Amino acid sequence: MAKSCTHLDHIQVQGVTPSANGCEECLKAGDTWVHLRLCLTCGHVGCCDSSKNKHATEHFHTTNHPLIQSFEPGEDWVWCYIDELLIEPAE
Ligand SMILES: [Zn+2]
Ligand SMILES: [Zn+2]
Ligand SMILES: [Zn+2]
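Residues numbered from 1 in each chain as written. Chains lettered and ligands numbered in written order. Predicted model: local features only at pLDDT ≥ 70, side-chain atom pairs only at ≥ 80, totals over all residues. Heavy atoms only, no water.

Caption draft 1: Representation of the pairing of strand β1 (residues 36–39) within the structure. Of the two faces of β1, both are covered, the one formed by Leu36 and Leu38 as well as the one formed by Arg37 and Cys39. The sheet contact formed by β1 and strand β2 (residues 45–47) spans 3 bridges and is antiparallel. Each bridged residue has a counterpart across the sheet, and for Leu36 the counterpart in β2 is Cys47. Adjacent in sequence and paired antiparallel, β1 and β2 are bridged by 5 residues, among which Gly43 carries a positive phi angle near 90°. As paired elements, β1 and strand β3 (residues 67–70) share 3 bridges and run antiparallel to each other. (Buried < 20%, exposed > 50% of the residue type's maximum accessible area, 1.4 Å probe, protein only. Helix = DSSP H or I, 4+ residues; strand = E, 2+ residues; numbered from the N terminus. Pairing = 2+ DSSP bridges.)

What follows is the structure, given as C-alpha cells:
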C-alpha cells in the first residue's frame, strides 16, 4: 500500500555538514526565508516552499539531490522530491 523511497542510499552515512546557518542563496542576496531545509546528499541549506525563493526545491531541480530534511529545531522528518514522500524518522 504505502509507497517507499528508493533513494535512501543518497543519504551520507556519516551525516552531512550543513553548508550554512541559513539559506545559502538568501544569505548571499540579503533575503529572508520562512523555514530551512537541509539537503541530505551534500549539506546544502535552502529555504522551504513557504518562502518566496524556494531555494531547497530549486536545489533539487539543479542538482537532482532527492532528499531533504527539515533544518528546524525539533523537526527531523525527511522529504523525497522524486517519490513525493514524507519519511518520518524511526524511533
Ligand atoms: Zn525517494
Ligand atoms: Zn533561500
Ligand atoms: Zn544537495
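Caption draft 2: Local environment of helix α2 (residues 55–63). Within α2 the residues assigned to the buried category are His55, Ala56, Thr57, His59 and Phe60. For α2, the elements touching its buried residues are α1 (24–29), β1 and β2. (Contact = heavy atoms within 4.5 Å.)

Caption draft 3: Inspection of the side chain of Gln69 at higher detail. Within the secondary structure, Gln69 is located in strand β3. At a separation of 3.1 Å, a polar atom in the side chain of Gln69 contacts the main-chain carbonyl oxygen of Asp76. When near neighbours in sequence (up to four residues on either side) are disregarded, Gln69 contacts Leu36, Arg37, Leu38, Leu40, Asp76, Trp77 and Val78. (Polar contact = N/O pair within 3.5 Å; in protein donor to acceptor, adjacent residues only side chain to side chain.)

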